[in-house]
Amino acid sequence: MQLLCDAISHHYLAAVFGDTGGIYVSLVDLPLRRAMLQSQCPIQYCNSGRNCIYSSRTKKWRCTACANQRIPNGAKSECVCPAGFFPTSDGKCSLCKDNMFCPQGQSALRSTARPCPANTVTLRRGAKSINDCFNAPGYSYRKTSDGVRAEPCGVNTWTTGLKKQTTCTACPTGFKTDPETVPGSHTNSDVCQAPAGSFVTGVSTTLCPKGEYSDDYSLATACKTCEDLYNGPGITTAREGATSAKNCTWLEPGYALMDDKKRAILTAVDLINTPISGAKKCPQNYYCPGGDPNGAGMPKRCEHGMWTEEEGASSPDECVAPPGMYLPDGVLTAEDKRIRHCPHGTYKETWQRVGIAGCLPCGVGYWLSDKTIFLNELDPNTGTIRQQIGVRGSTDSCYIQRGMGAVFERNQTTSATVLRAIICPADHYGVVGVQGTDEIWKKYGRVATPCTQCPTNMVTSGDSADLKVANIQVINPTNDQRTGNFAAESSEGYYTVDSCFTKPGYGYLQGASQRCADGFWSAGGHRLPCTQCPFGRTTNFDTSINSDAANCTKYIAGFGELNSIPQLCAIGQYQEPQVNVGTACQPCPPSLTTRTVGGASQDACDLCAAGWGTIALNTTCKSCQDGYYGDADRKDSACTKCPGGRTFSYDWQGVDDIFTPQTTSKPLSSSQADCVADFAQTVEGAFYLDLQYKLGASPELLLVGGRENLQSCVQECREDAKCAAATFDYSNLNCWSWQPATQESFVANGGVAFKLLSSTNLAASTKVAAQEMGSGEYSFIPDGVNTPARIAPSSRNTPVATTSLLACLKACSNVNLCSGVVFGQLSGEDTIAAGSCKLIMGTSLPGNSLRTLIKANFMGLNTNQAVSKGYYSQPGTSTVQICEAESSVGGTGFFCPGGPRPGAAPRQACGAANIAGTQMKVGSESADDCSGWLLPNYYYKPGTGVLLCEEDFYCPGGEKYKGKSVDTGMIACPAGTNSVAGKSAIGDCNTLKAGFYYDGTGAISASTVKTCAEGFFCATEGKLINDGSVTLSTDGFTKCPDGTSSTPAAYPAAGPKEANDCKRLLAGFQFEGTQISDSKVSPCPADTYFGSERPINLIFAALPCDKCPEGTGVAAPASDATPGALTANACKKLYEGYWYNGVDSGDISTLTVKPCPAGKFCPGWPKTDTKIDKQGIPVLPRDCPDGTSVAAGTARTIDWWDANNDARAITAAASGSTATSAGNGAKVSTDCKTLLAGWWFKGSTKTVDQCPADSYCVGGGTFTSWTGTLDVGQTACPTGSGSSIGAKIINDCNKLKPAYYFSGGATVSGGSTGSIKPCEAKFYCPGTGDNSFTVGTGALAAGIFACPEGADSDVSSDDSSDCKNLQPGWYYTGSGSVSTDTVLKCPVDSYCDGATDIIVPSGSGPAQGIKLCPTGSGTDGDWSAAKRENINDCINIKPGYYYHGGSGCTAISDTCVLVCNDPDPNAFCTGNDNVDVNNFSTSKGRTLCSAFWTGDDATKTYCDVSAAGTDCTKATDCMSAP
């Protein structure tokens, strides 16, 4: 049994440790078989019973079903773990571990677990075969003839793995992987990052802009900024794509570096050892161009002491002369070429680099200026104010001195407006100012400060000499030192209003000088009121200035001389203003009076006098109208209506017919007593006056029909002026109108007076006496001989014994029934013939139907009895007649001297017959009238006698000539006419004189014969005025020649007589001289004008029109009658070579019309119709064709007119005209033949084009003609350089051709020593394409790029792909252009021998120049320690491998680096051991198990490798041999 156990045990161990395979039991003898059959099934883990079968044929056991998850192997000889499982020590099967696969086993005890190939993994436990091994993240999956392997994703690729991806995913364009990452770490897209010098923008990357940097691979969306690094602006990087904070050394324009004490660094600086705290704005008076702080970017001090306006200047152009200072012009020494202060009298407000011309004069005259504006000079290091410098930096620096003013004036030559400083003249005062430290009184500010005129009517006076300046200080502008004084005139330089006093004739009142009022005077020269004239006197109002009491020569209005002294005029008198002293007061007009004493003019007579008044709305004083009176005591001028109420009654057959008269009054009624009834029957009871029906043949008592009552009968008489009384017959209703006819005067025959009764009922009052029965007024009817006869004798038979008319009238007034009186011949004022006074008594007959009412007609009484002169009354007659005329030649006339009374005034015959030419007129009064009146056609000449009327006169006769001391009876013909001798009527003055004409509108008179009219001349001498008409156009009334006019004279002076009197040359015309005629007067010709009328002088000198401003013209008028141009503004025709700027008011002048400026051409007359269409709207020059220019035209003031004759002769602009204007500016585009920089003339096309690419055109050259064939103005760029179209200078050749670069500096140049050079070895020069490089002082090299480290190029390389010479230790990634992203340091566990030239594929390909270290080996240390240049750098042996020295292994190779169990499975290899490069014959990295394990573990001498690099990597992997 023991043998059986031993046998079983032996076979069991053999099976476990891998003997020749299978579970077998060879039982050769029956006893043993029986023993085994009786024992347990020999197949371990097989289910007992029928599942364990013994074959007698094969002599072997078979198991058909196993326990513990096991299955029978293929031979059913053992129970093994199925695929995906491995056996465990407890006999069970466990899932295959992660990253291992377990094929189905053939041995019950030996595990089939195998590790997945390096860098592959399983997705889960239980992998059954190598096909369940997937590429790990960061690795691609490769199936080769050698099996499955995983390769790490290369540069710029990644993969998540686990899907057997055969390639890695490329990073998006611009994204890179960090070359320092370990192989296999590219497991997701996050390894694709923006490389140093760039940042992520969406799905791409962008280079860090200047001023920013990125110092690592990252996914940052922004770069770090230099500004953040230094906590402020000013520091930037030299270019885009900065990869380190150390690149933040470049300065931005306008900034300087700042040390750790915040001071500006102004010199070269050690950027490594000097602490830099940032940048600050470029100091004042420095400029900082930006860039290399030790090169072009170093702060530079402004030249010539110039300033910058503020900190932060970046260009020398910002170095300027500050306000109040200038930079001297010209070539000067360094010491002299420094900014200087503007001299006295000037100022400068701007920050500007200008010469002394930039110091603007304050004005003209006595201007000075002080340094009143202060500039802050800053410390360049700290920026704090170091000092303040005074400058003349503003108009407020300008000053005038006390007693001065500043006024604008226009320069008559240039029309420019200037501000002149003046010493204020007499009667003005200037500024006071403030006193400066130099004791000069100053008024600052360049502003118009006119001298203030003394207040109105005040003047400066010598009495105020202490209020004026005696001298004006003069200062040398070059050294600011006083050079002396300018003495002011005695009348100048006053500086206060207190120096102004009143003028003579002016007084000072209420703070102002006022002209002395009328009646006052003042000697002036003070500030006192005027003095009043003596009482009643005033000054002559026509004398405006009254400076003495002697000027009081007039009376005050309302004063007059009375008793040798002035007195107020009494009521009813007045005195007009301004009458001479000694003049008495004047009486008011008869109808007027004054209201008070002292009437100051006739206007004071504004109250109607007694009996006068205003009627209704009429304000004129007239005799109070009928029924009104004017009281002397009234307060206004209205007439007062007479009171009424008077009635007269009559009882006819028991009916009392009451008659109420109207009121009436006589002219000039001055009281109520003058108011009477217009019809009266005297008193009650005396109601009928027996008036005669007729006297002689004519009826005088007229029957008026159609009057049926007393009222209508009276109204008939009232309306008939001839009616004196009305009688009404109640019985038959007849109305009688009494109309007495009178033939003689009171003087001859006396008359009748009818009593007038008051308009009121005074008679009815018991208190009124009989003598008051009447108004006291009477109406008088002349002819006392005949008129009484018309009254019945019975009514006039009461005589009154008196020769006084007044007594006669009074007798009637005292008798109630008396209606009037009859009186005889009146002689003297009151005397009547004795016995001629008889009362006319009314009668009252009971039952009488007749009723008479007498009309109040106020006929006055003429009491003068004398026969007037010119009348006669022969003795024995009472007839008074007028003296008759006697006009017959030789007839004897009469004269009538009058007489004391009728019958005593005979006429008298003249002593001789009328002398020739005389007559006696009607009404001759004395012997002096004999032959005393002139006949028509005659006149009287004292000392000579009566003569026939002379020529040019007419003598109408009828004038008394005796006693005259002057020619009498002869009247001059109307001015401008003649007559022949012996004419009597003005119509005989029918011949015209020169200078006059007859207008034909009526009879010849001073209103129809007129002085020759303006614009005409009248050569009318001897022209006859026929039948009251004349044809002016044919009878000498002639219009002046066109363009002239004549000056009319005031009638009766003669007007223009001939054409040469048309001496007024009208606007728009010219006169050629010698004589005035149509041929000598013409409109202003083309291109001339004259806008005002001019006199043609006595010598008839020519008067040409003014010439249009140079460059302009105007067409001549179409008609000789049409005036030419009137003003320069009519010169709207613009000649070629000139343009119009329209500035200021836009007036056309040499200020607005200019020669064509440089670079422009100005088309115009005579080739094109160019006009100044609207004043003030410019007519601009046209630009020369692109690329060309032309010199500016210049004014030809002197010879322009003559030189422009041909062009002026052209009346219509015509394109292509051969004539040209005299302007010397460019006229047409082809005048532009000077090339501008950047342009050339291309002869082949006859065009001016932009300078072609790869050339430059400096400009300034001139081509001879636009039809030329030669190229002008182009120069090729130096070889290797190029330019854009339009390059102007050689430095514009700033584009590089491939294989060339710019070596840096201020200029572009070619040749062996030039700045454009062929690309050097180890560099490539791709050219700049359309981009340009920077040229200038301190400019850096451009266009040359170092090949990526690790790759070199040959000379003249033009592309990064030329950097194909890989250097040892470097490799090319296989995709993309050669760059630092694709030429990388040889990675870990690889070597790069540099023996391969890079070939850039069109897409992506395998890496070039890189080889993997032999399996099991790798590189040691970082790249800097071991460049990984050859296979012998693969000295680091990996775990599970070893280096087998000797046997021909003198270097690292695939055959010398072996798996740990090669040749025997008896060792372990820990790896990480380096081969001794000095002794390649020595093995490295393998330790025998037996050498390691001792004692109880000494049996661990076995170690077999299933997975290289995993198995046998440590001592514990050793086990006992199976």
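Scroll up a little and you will see the structure.
Values in this document were obtained by computation on a predicted structure and should not be read as measured data.

Reading the values: rules and limits
Residues numbered from 1 in each chain as written. Predicted model: local features only at pLDDT ≥ 70, side-chain atom pairs only at ≥ 80, totals over all residues. Heavy atoms only, no water. Helix = DSSP H or I, 4+ residues; strand = E, 2+ residues; numbered from the N terminus. Rg over C-alpha atoms; globule rule 2.2 N^0.38 Å. Contact = heavy atoms within 4.5 Å. Areas by Shrake-Rupley, 256 points an atom, 1.4 Å probe, with all protein chains shown as cover. Lys, Arg positive; Asp, Glu negative; His and termini not counted. Charge placed at Lys NZ, Arg CZ, Asp CG, Glu CD. Core = buried A, V, L, I, M, F, W, Y, C linked by side-chain atoms within 4.5 Å. Buried < 20%, exposed > 50% of the residue type's maximum accessible area, 1.4 Å probe, protein only. Salt bridge = Lys/Arg side-chain N within 4 Å of Asp/Glu carboxyl O. Polar contact = N/O pair within 3.5 Å; in protein donor to acceptor, adjacent residues only side chain to side chain. Pairing = 2+ DSSP bridges. Phe/Tyr/Trp six-rings, centres within 6.5 Å; stacked < 30°, edge-to-face > 60°. Disulfide = S-S within 2.5 Å. Patch = residues over 30% accessible without salt bridge, like charges linked within 9 Å, V, L, I, M, F, W, Y side chains within 5 Å. Arc of directions from axis to C-beta.

Draft legend 1. Inspection of the overall build of the chain at higher detail. What the chain contains, in helices and strands, is 9 helices and 134 strands. In terms of C-alpha radius of gyration, the chain reaches 74 Å, well past the compact-globule figure of 36 Å for 1522 residues. With the principal axes as the frame, the chain shows a C-alpha extent of 240 × 95 × 75 Å. The contacts in the chain between residues at least 6 apart in sequence include a share of 55% that link residues at least 24 apart. A total accessible area of about 73100 Å² is found for the chain, and carbon and sulfur atoms account for 52% of it. The average position of the 121 basic charges and that of the 144 acidic charges among the side chains of the chain differ by 6 Å.

Draft legend 2. Representation of the nonpolar core in the model. In this structure, F659 and L710 are the most contacted members of the largest nonpolar core, which totals 19 residues. Listed by contribution, the elements that provide at least two residues to this core are β61 (648-652), β65 (679-680), α4 (710-719) and β69 (725-729). Other than its neighbours up to four places away in sequence, F659 contacts R646, T647, F648, F679, L710, Q711, V714, R718, R851 and L853.

Draft legend 3. The arrangement of the pattern of salt bridges in detail. Under the counting rule described, the total for this entry stands at 32 salt bridges. Here D1199 and R1196 are joined by a salt bridge, their closest N and O atoms 2.7 Å apart.

Draft legend 4. Region of the structure containing the environment of L562. With respect to the helices, strands and loops of the structure, L562 is situated in strand β50 (residues 559-562). The spacing of L562 and Y347 is 215 residues in sequence and 77 Å in space, taken between C-alpha atoms.

Draft legend 5. Layout of α4. Listed as buried for α4 are L710, S712, C713, V714 and C717. Against β62 (655-659), β65, β69, β70 (734-738) and β78 (850-855) lie the buried residues of α4. Backbone nitrogen of Q711 and a side-chain oxygen of the N-cap are separated by 3.3 Å at the start of α4; the cap is N709.

Draft legend 6. Fine view of the pairing of strand β71 (residues 751-756). Most of β71 sits out of view: 6 of its 6 residues are buried. Here β71 shows two buried faces, one formed by G751, A753 and K755 and the other by V752, F754 and L756. Bridging between β71 and strand β72 (residues 777-782) involves 6 bridges; their strand directions are antiparallel. Counterpart to A753 in the pairing with β72 is F780. Across 4 bridges, β71 lies against strand β74 (residues 818-823) in antiparallel orientation. Across the sheet, G751 pairs through a bridge with F823, a residue of β74.

Draft legend 7. Inspection of the packing of aromatic side chains at higher detail. Under the counting rule described, the total for this entry stands at 21 aromatic pairs. Geometrically, the ring pair formed by F780 and F823 is edge-to-face, given 6.2 Å between the ring centres and 75° between the ring planes. Here the residue F780 occupies a position in strand β72, and F823 occupies one in strand β74, the gap between them amounting to 43 residues. Each of the two residues, F780 as well as F823, counts as buried. Relative to F1037, the ring of Y997 lies with its centre 4.4 Å away and its plane at 45°, an arrangement referred to as tilted. Taken together, the positions of Y997 in strand β91 (residues 996-998) and F1037 in strand β94 (residues 1037-1039) put the pair 40 residues apart, joining distant regions of the chain.

Draft legend 8. Examining the state of the cysteines more closely. The tally for this structure, following the rule as stated, stands at 47 disulfides. Note that C66 is cross-linked by a disulfide to C79, the S-S spacing being 1.9 Å. With the S-S bond torsion at -85°, the cross-link from C66 to C79 turns out left-handed. Linking C66 in the loop between β2 (60-63) and β3 (71-72) with C79 in strand β4 (residues 79-80), this pair joins segments that are 13 residues apart in sequence. Put simply, C569 and C585 are joined by a disulfide, and their sulfur atoms are 1.9 Å apart. Here the S-S torsion is close to -85°, and the disulfide linking C569 with C585 is therefore left-handed. Taken together, the residues span a long stretch of sequence, with C569 in the loop between β51 (565-568) and β52 (573-574) and C585 in the loop between β53 (579-580) and β54 (586-587) at a distance of 16 residues.

Draft legend 9. Main features of a nonpolar patch on the surface. Taken together, the side chains of L568, I571 and V597 present a nonpolar region at the surface, about 270 Å² in accessible area. Considering the arrangement of structural elements, one finds V597 in the loop between β55 (592-593) and β56 (607-608).

Draft legend 10. How the structure looks around the sheet that holds strand β96 (residues 1064-1065). Strand order in the open sheet formed by 3 strands is β95-β96-β100, and the pairing between neighbours is antiparallel. The two strands at the open ends of the sheet, each matched to only one other strand, are β95 (1044-1045) and β100 (1094-1095). Inspection of the sheet shows β96 paired to β100 by 2 bridges, in the antiparallel sense. Bridging from a neighbouring strand, R1064 pairs with P1095 of β100.

Draft legend 11. Representation of a negative patch on the surface. A surface patch of like charges, here negative, comprises E309, E310, D317 and E318. Assignment of secondary structure puts D317 in the loop between β24 (300-301) and β25 (325-326).

Draft legend 12. Structural detail: the sheet that holds strand β127 (residues 1436-1437). Taken together, 3 strands build an open sheet; the order of strands is β126-β127-β131 and the sheet is antiparallel. Either end of the sheet is taken by a strand with one partner, and the two such strands are β126 (1417-1418) and β131 (1473-1474). One ladder, built from 2 bridges, connects β126 with β127; its direction is antiparallel. Paired with S1417 across the strands is I1437, a residue of β127.

Draft legend 13. Spatial organisation of helix α6 (residues 805-813). Of all the residues in α6, the buried ones are L805, C808, L809, C812 and S813. The buried side chains of α6 occupy one side of the element, clustering within an arc of 140° when seen end-on. Among the exposed residues of α6, those pointing more than 90 degrees away from its buried face are L806 and K810. Two or three places before L806, at the opening of α6, S804 has a side-chain oxygen 3.3 Å from that residue's backbone nitrogen.

Draft legend 14. Structural context of the environment of W612. Among the structural elements, W612 can be located in strand β57 (residues 612-615). Classification of W612 as partly exposed rests on a relative accessible area of 21%. Taking the C-alpha atoms as reference points, W612 and C639, separated by 27 residues in sequence, lie 7.0 Å from one another. Those residues in contact with W612 that sit more than four places away from it in its chain are P590, S591, C621, K622, S623, C624, G630, R634, S637, C639 and L668.

Draft legend 15. Fine view of unusual backbone geometry. Cis peptide bonds are those with omega within 30 degrees of zero, and the linkage from Y1051 to P1052 qualifies with 20°. As for its position among the elements, P1052 is in the loop between β95 and β96. Omega for the bond connecting D1462 with P1463 falls within 30 degrees of zero, at 15°, which places this linkage in the cis form. Its location among the elements puts P1463 in the loop between β129 (1457-1459) and β130 (1467-1468). Within the chain, Y45 stands out as a residue other than glycine whose phi angle is a positive 70°. Within the secondary structure, Y45 is located in the loop between α2 (30-38) and β1 (52-55). The exposure class assigned to Y45 is buried, which follows from its relative accessible area of 19%. Positive phi, close to 65°, is recorded for L668, a residue that is not glycine. If you trace the backbone, L668 turns up in the loop between β63 (663-665) and β64 (675-677). Residue class for L668 comes out partly exposed when judged on its relative accessible area of 38%.

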